[in-house]
Amino acid sequence: MFKRELRKKYKELRHELSSEEVEEWSLAIANRLLSLDIWDKSYYHLFVTIAEQKEIDTEFLLHILAGKDKEIVVSKSDFATLGMTHYILTDNTKFQKNAYNIPEPIDGLEVPVVKIEVVFVPLLAFDVKGNRVGYGKGFYDIFLSECKPETIKIGLSFFDAEEIIEDASEKDIQLDYCVTPNRIYKF
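If you're wondering where the values come from, they're calculated on a predicted model, not measured in any experiment. (Residues numbered from 1 in each chain as written. Predicted model: local features only at pLDDT ≥ 70, side-chain atom pairs only at ≥ 80, totals over all residues. Heavy atoms only, no water.)

1. Here we look at the side chain of Asn131
Mapped onto the elements of the fold, Asn131 is located in the loop between strand E7 (125–126) and strand E8 (132–133). Among the polar contacts listed, one links the side chain of Asn131 to the side chain of Gln174, at a separation of 3.3 Å. Those residues in contact with Asn131, other than ones at most four positions away along the chain, are Ala125, Phe126, Ile165, Ala168 and Gln174. (Helix = DSSP H or I, 4+ residues; strand = E, 2+ residues; numbered from the N terminus. Polar contact = N/O pair within 3.5 Å; in protein donor to acceptor, adjacent residues only side chain to side chain. Contact = heavy atoms within 4.5 Å.)

In structure tokens:
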């Protein structure tokens, strides 16, 4: 399938999920992440859930990271440049929803991209080669291209892999892993 078709398909599939399924599957994903060999790093970039889109609830993962005393990095999007500014999450971080209902930090201590060692990547769909489909704006494509080559990129998905994203391009940054409630894909 093509990205446009996959976006439509997976938005519809997500829309059909109950709040109980979202919670249960989000917890299963967080627990499955514990088996990955990624916990020796310091700086972890975490997306903040857009509840209206029935995204994976990253609150469970946030608690794991905090419990392991990791530096948690959250971002604010600039829709004019499609760039992102990254901030350390602290007890004092205040969030505000932007025009797309994305909760974003208002301000804080900025973190350079080169410090980020693990990125948990939001997505709508992915394939068996590690290609991903997001909402189509390109924020994560730009962000991931700015990361160091050794930065670990982990997609989080409620659904299993598609066989192929037919219009994946050479410029797309592939995932290293994708974690679903039922399994871990390694690419």
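Moving on from the coordinates now.
2. Overview of helix H3 (residues 59–67)
Turning to H3, its buried residues are Leu61, Leu62, Ile64 and Leu65. Looking straight down H3, one finds its buried side chains confined to an arc of 160 degrees; they lie on one side. Structurally, H3 contributes buried residues whose contacts are with helix H2 (19–33), strand E1 (43–45), strand E2 (71–78), strand E6 (118–121) and strand E9 (152–156). Of the residues one or two after H3, Asp69 is the one with positive phi, at around 60 degrees. (Buried < 20%, exposed > 50% of the residue type's maximum accessible area, 1.4 Å probe, protein only. Arc of directions from axis to C-beta.)

3. A look at the packing of H2 against H3
One can describe the packing of H2 onto H3 by two numbers: an axis separation of 8 Å at closest approach and a directional angle of 30 degrees. Comparing their axes, H3 and H2 come out roughly parallel. Between H2 and H3, the residues in contact are Glu23, Ser26, Leu27, Ala30 and Leu33 and Phe60, Leu61 and Ile64, respectively. Counted by class, the contact of H2 with H3 contains six nonpolar, one polar and one charged residues. (Axes fitted to C-alpha atoms, helices over the stretch in contact; angles between N-to-C directions. Parallel < 35°, antiparallel > 145°, perpendicular 65-115°, else oblique. Nonpolar A, V, L, I, M, F, W, Y, C, P; charged D, E, K, R; others polar.)

4. Examining the pattern of salt bridges
Counted by the stated rule, this structure contains seven salt bridges. A salt bridge links Asp40 to Lys41, with the shortest nitrogen-to-oxygen separation between them at 3.9 Å. Put simply, Glu52 and Lys97 hold a salt bridge, and the shortest N to O gap is 2.8 Å. With Glu52 in the loop between E1 and H3 and Lys97 in strand E4 (residues 95–97), the pair connects residues that are 45 residues apart, well separated along the chain. (Salt bridge = Lys/Arg side-chain N within 4 Å of Asp/Glu carboxyl O.)

5. Quick notes on the sheet that holds E1
If you trace the seven strands from one edge of the open sheet to the other, you get E3-E2-E1-E6-E9-E10-E11, paired in mixed fashion. If you trace the sheet from one side to the other, it starts and ends with strand E3 (83–88) and strand E11 (184–186), each paired once. For this sheet, the mean inter-axis angle between neighbouring strands, taken without regard to orientation, is 25 degrees. Here E2 pairs with E3 via six bridges, running antiparallel. The partner of Ser77 across the bridge, within E3, is Met84. On top of the sheet, H3 reaches E1, E2, E6 and E9; it is set at about 135 degrees to E2, its chief contact. (Pairing = 2+ DSSP bridges.)

6. Section: the layout of surface pockets
A probe matching the size of a water molecule, rolled over the atoms, marks out where space remains unfilled. Put simply, the largest pocket is a space of about 660 Å³. What lines the largest pocket is a set of 34 residues, and nearest its centre among them are Ile102, Pro122, Tyr135, Phe139 and Tyr140. Of all the elements in the fold, those that place two or more residues in the lining of the largest pocket are helix H1 (3–15), E2, E8 and helix H4 (139–146). With four residues, the single largest contributor to the lining of the largest pocket is E2. Residues belonging to the lining of the largest pocket are distributed by class as follows: 18 nonpolar, seven polar and nine charged. Taken together, Leu46, Phe47, Val48, Thr49, Asp57, Thr58, Glu59, Leu62, Val74, Leu89 and Phe95 form the lining of the second largest pocket. In terms of residue class, the lining of the second largest pocket is built from seven nonpolar, two polar and two charged. (1 Å grid on protein atoms, 1.4 Å probe; cavity = no way out; pocket = protein on both sides within 12 Å on 5 of 7 lines; lining within 4 Å. Points joined across faces, edges and corners; volume = space filled by probe spheres on them.)

7. Section: the nonpolar core
Counting residues in hydrophobic clusters, the biggest one holds 51 residues, and the most contacted among them are Leu33, Phe120, Ile154 and Leu156. Once residues lying within four places of it in the same chain are set aside, the contact partners of Phe120 are Leu33, Ile38, Tyr44, His45, Leu46, Phe47, Leu61, Leu65, Tyr140, Ile154 and Leu156. (Core = buried A, V, L, I, M, F, W, Y, C linked by side-chain atoms within 4.5 Å.)

8. A short note on unusual backbone geometry
Not every positive phi belongs to a glycine, and Lys54 is a case in point at roughly 55 degrees. Within the secondary structure, Lys54 sits in the loop between E1 and H3. The backbone phi angle of Leu82 is positive, close to 65 degrees, even though this residue is not glycine. With respect to the element layout, Leu82 can be found in the loop between E2 and E3. For Leu82, a relative accessible area of 26% gives the class partly exposed.

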